[in-house]
Amino acid sequence: MRDLKQLRYDKAYLRMAKTWSELSHCTRKKVGAIIVKDGMIISDGYNGTPSGFNNSCESSEGETLWYVLHAEANAILKVAKSTHNCQDATLYLTLSPCKECSKLVVQSGIKRVVFIDAYKDTSGITFLRDAGIEVEQIENPFDED
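Student: Sorry if this is basic, but what is going on with the packing of aromatic side chains here?
Tutor: Between two aromatic rings, the relevant description is the distance of the centres plus the angle of the planes. What the rule picks out here adds up to four aromatic pairs. When the centroid spacing of 5.0 Å and the interplanar angle of 40° are considered together, the rings of Tyr 13 and Tyr 92 count as tilted. Residue Tyr 13 is found in helix H1 (residues 4-21), and its partner Tyr 92 is found in strand E3 (residues 90-95); the two are separated by 79 residues along the sequence. Taken together, a centroid distance of 5.5 Å and an interplanar angle of 90° make the contact between Trp 66 and Tyr 67 edge-to-face. Residue class for Tyr 67 comes out partly exposed when judged on its relative accessible area of 24%.

Shown next as structure tokens:
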């Protein structure tokens with residue numbers, strides 16, 4: 001049986017990630033991330049362009065620009081600039097990681113990933129599980145328990 005207290009926290013952090021995703025200037029997809037360690041939020045992020053760049057995420061043809069950072073990459077990089085680290089942390093996402101971001105998750109030391117929606121290419125999820133990272137999907141964190 002799932003730990004109900006942990007589920008309550010998981011849903012709350014996923015709701016925060018969803019709210020954070022709304023800060024993204026991307027029009028095709030808005031993704032939010034929250035990193036929690038020892039019961040404390042140590043980082044957050046959303047998909048968007050690097051600091052100092054125009055906030056447009058898509059080309060005039062509607063394609064995502066190559067230099068747009070994914071939400072989890074932004075959150076992990078923010079930790080790298082702080083006094084914290086991601087060792088044994090939990091990453092909460094509105095969309096499961098792509099295969100490129102999954103490598104960052106593994107390398108950062110994150111031990112658990114909780115997400116709402118699955119990305120179209122689920123190879124990132126498979127990679128995380130193969131690396132021994134706990135991965136869980138909670139499809140509707142707005143449902144009451």
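Student: What am I meant to see in the pattern of salt bridges here?
Tutor: It is possible for side chains of opposite charge to pair when their charged atoms get near one another. Applying the stated criterion across every chain, the model contains five salt bridges. With its nearest N and O atoms 3.1 Å apart, the salt bridge here joins Glu 136 to Arg 112. Of this pair, Glu 136 sits in strand E5 (residues 134-137) while Arg 112 sits in strand E4 (residues 112-117); the two residues are 24 residues apart in sequence, bridging distant segments of the chain. Judged by relative accessible area, Arg 112 falls into the buried class, the value being 7%. Within this structure, Asp 10, Arg 112, Glu 134 and Glu 136 form a network of salt bridges that share partners.

Student: Any chance you could explain the pairing of E4 here in plain terms?
Tutor: Regular strands place side chains that alternate from one sheet face to the opposite one. Most of E4 is tucked away, with five of its six residues classed as buried. Two strands pair when backbone bridges link them, and E3 and E4 are joined in this way by five bridges, in the parallel orientation. Note on E4: the bridge partner recorded for Thr 90 is Arg 112. Regarding topology, helix H3 (residues 99-108) serves as the crossover connection from E3 to the parallel E4, and that connection is right-handed. For E4 and E5, the ladder comprises four bridges, and the chain directions are parallel. Bridge assignment links Phe 115 to a residue of E5, and that residue is Gln 137. Between the parallel elements E4 and E5, the chain passes through helix H4 (residues 123-130) in a crossover that is right-handed.

Calculation rules
- Residues numbered from 1 in each chain as written.
- Predicted model: local features only at pLDDT ≥ 70, side-chain atom pairs only at ≥ 80, totals over all residues.
- Heavy atoms only, no water.
- Phe/Tyr/Trp six-rings, centres within 6.5 Å; stacked < 30°, edge-to-face > 60°.
- Helix = DSSP H or I, 4+ residues; strand = E, 2+ residues; numbered from the N terminus.
- Buried < 20%, exposed > 50% of the residue type's maximum accessible area, 1.4 Å probe, protein only.
- Salt bridge = Lys/Arg side-chain N within 4 Å of Asp/Glu carboxyl O.
- Pairing = 2+ DSSP bridges.
- Right-handed = clockwise from strand over helix to strand, strands pointing away.

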